[in-house]
Amino acid sequence: MHDFLTHGRIIGGLATVPNVAASLSDYRDRLGLSVVEQGVLPADLAASWDSPANVGAPFATLAPTSGAPSYVRLVEQPLDPGFVPTRTYGWAAFEITVQDVFGWPDKLAGSGFDIIGQPKEIPGLPYFVAMQMLGQGREMIYLNEVREDTPTSDLPPANSPVDHLFIVILATPDRAATMAWYAERLGLEEGGGYTIPYTMINKAFGLPDTHMTSLSMAQKGRLPIVEIDDYPAVATVRKTGEGMLPPGNAMVTLAVDSLDRPGLDFITPPVIRSGAFYADRRAATVIGPAGELLELVEIG
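Only a predicted model underlies this, so the values are computations on that prediction, with no experimental measurement involved.

J.: Hey, could you go over the packing of aromatic side chains for me, with residue numbers and the actual values?
T.: Inspection of the entire model under this criterion finds five aromatic pairs. Aromatic pair F205 and Y231: ring centres 5.8 Å apart, planes at 90°, arrangement edge-to-face. On the criterion of sequence distance, the pair formed by F205 in helix 5 (residues 199-205) and Y231 in the loop between strand 12 (223-230) and strand 13 (249-256) is long-range, its members being 26 residues apart. We classify F205 as buried; its relative accessible area is 11%. You can call Y231 buried: its relative accessible area is 8%. Summarising the aromatic geometry, the rings of F277 and Y278 are spaced 6.2 Å apart at their centres and angled 45° between planes, so their arrangement reads as tilted. Each member of the pair, F277 together with Y278, is buried. For R9, the ring lying beneath its charged end belongs to F4, and the centroid distance is 3.9 Å.

J.: Kindly report on the side chain of Q219, identifying the contributing residues and their values.
T.: For Q219, the position within the fold is in strand 11 (residues 213-220). Polar contacts involving the side chain of Q219 include one to the main-chain carbonyl oxygen of T152, which spans 2.8 Å. If we skip the residues at most four places from it in the chain, Q219 touches T152, S153, L188, E189, G191, G192, P224 and I225.

J.: Which residues make up the sheet that holds strand 13, and what are the values?
T.: The eight strands lie next to each other as 2-3-4-1-13-16-15-14, forming an open sheet whose pairing is mixed. The open sheet has two edge strands with one neighbour each: strand 2 (34-40) and strand 14 (271-273). Each adjacent strand pair in this sheet contributes to an overall mean axis angle of 25°, direction not counted. Note: strand 13 against strand 16 (residues 293-298), six bridges, orientation parallel. Paired with V252 across the bridge in strand 16 is L294. Packed on one face of the sheet, helix 1 (residues 20-27) meets strand 1 (10-17), strand 2, strand 3 (58-63) and strand 4 (71-76) and runs near 155° to strand 4. Relative to the sheet, helix 4 (residues 175-186) contacts strand 13, strand 15 (281-287) and strand 16, its axis offset from that of strand 16 by approximately 20°.

J.: Tell me about the pairing of strand 12, and name the residues and values.
T.: Each regular strand displays side chains that alternate between the two surfaces of the sheet. In terms of residue burial, strand 12 counts as a mostly covered element, since seven of its eight residues are buried. Here strand 9 (residues 162-172) runs beside strand 12; their pairing, made up of five bridges, is parallel. Bridge pairing in strand 12 places V168 opposite V226. Judged from the six bridges that link them, strand 11 and strand 12 form a sheet pairing that is antiparallel. Of the residues in strand 12, the one forming a bridge with S216 is I228. Where strand 11 hands over to strand 12, the hairpin turn is made up of two residues, of which G221 adopts a positive phi near 60°.

Conventions used here
Residues numbered from 1 in each chain as written. Predicted model: local features only at pLDDT ≥ 70, side-chain atom pairs only at ≥ 80, totals over all residues. Heavy atoms only, no water. Phe/Tyr/Trp six-rings, centres within 6.5 Å; stacked < 30°, edge-to-face > 60°. Helix = DSSP H or I, 4+ residues; strand = E, 2+ residues; numbered from the N terminus. Buried < 20%, exposed > 50% of the residue type's maximum accessible area, 1.4 Å probe, protein only. Lys NZ or Arg CZ within 6 Å of the ring centre and 35° of its normal. Polar contact = N/O pair within 3.5 Å; in protein donor to acceptor, adjacent residues only side chain to side chain. Contact = heavy atoms within 4.5 Å. Pairing = 2+ DSSP bridges. Axes fitted to C-alpha atoms, helices over the stretch in contact; angles between N-to-C directions.

This is the structure:
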């Protein structure tokens, strides 16, 4: 795994949950991820995310048993009763590569995960089979069994029953402008584009099953990173509590070759941080074009 961290690689995703201990029973005990860090959120880290109200909140970081340095971080935060997933701009889902996706619904029966999309093959997309579920913080998680590489990107087969987070899904009001932002500021490229009947979006907005959604993949070479989805015009900005993290899928952390790229307006200046996500590297956070929190870690 020494060459895993390259420019653009997803180091991990952060989800807010109402009770970290309860969510650990799902991510650790059901999905089989390993806890690598646990504690309370320090003030300087919360400040770097512009979330001072989260100081002292319990958190846990989990990693796959495959050894891939890619993580899920859970931060405790009261659940906003008005938050409805897949209806607002920002991070919409974290996609994790797994083995035997058709076996996971039975394995997760009785857990805190709410399966909202059973595994199914999508006509015209033979490359993977995915299922969708919500965690206890209404964070959207896709479990995705890779079948083959796409014509424009390499998809990672899982080396453990639940392996690493390999695509993050971003809901945006302007797909082209968002793609341009990631290209200009982070040096990512537009990979494959698709127009599909997107079940999760159609269900969330009460659209016909035949309604089509266009999406693009921001990637580096053949490494897929951010799926950028065009959301319907009725989508809204995600409501965030005063000084708090966004609800659900709150933040994504990416590896970058340099934090000195032009056009990156950091919430607080880059500093060296320790812990699984940072490994004594410089890190800082920006707000992306769809209002998303994007933490960047400099790998040099």
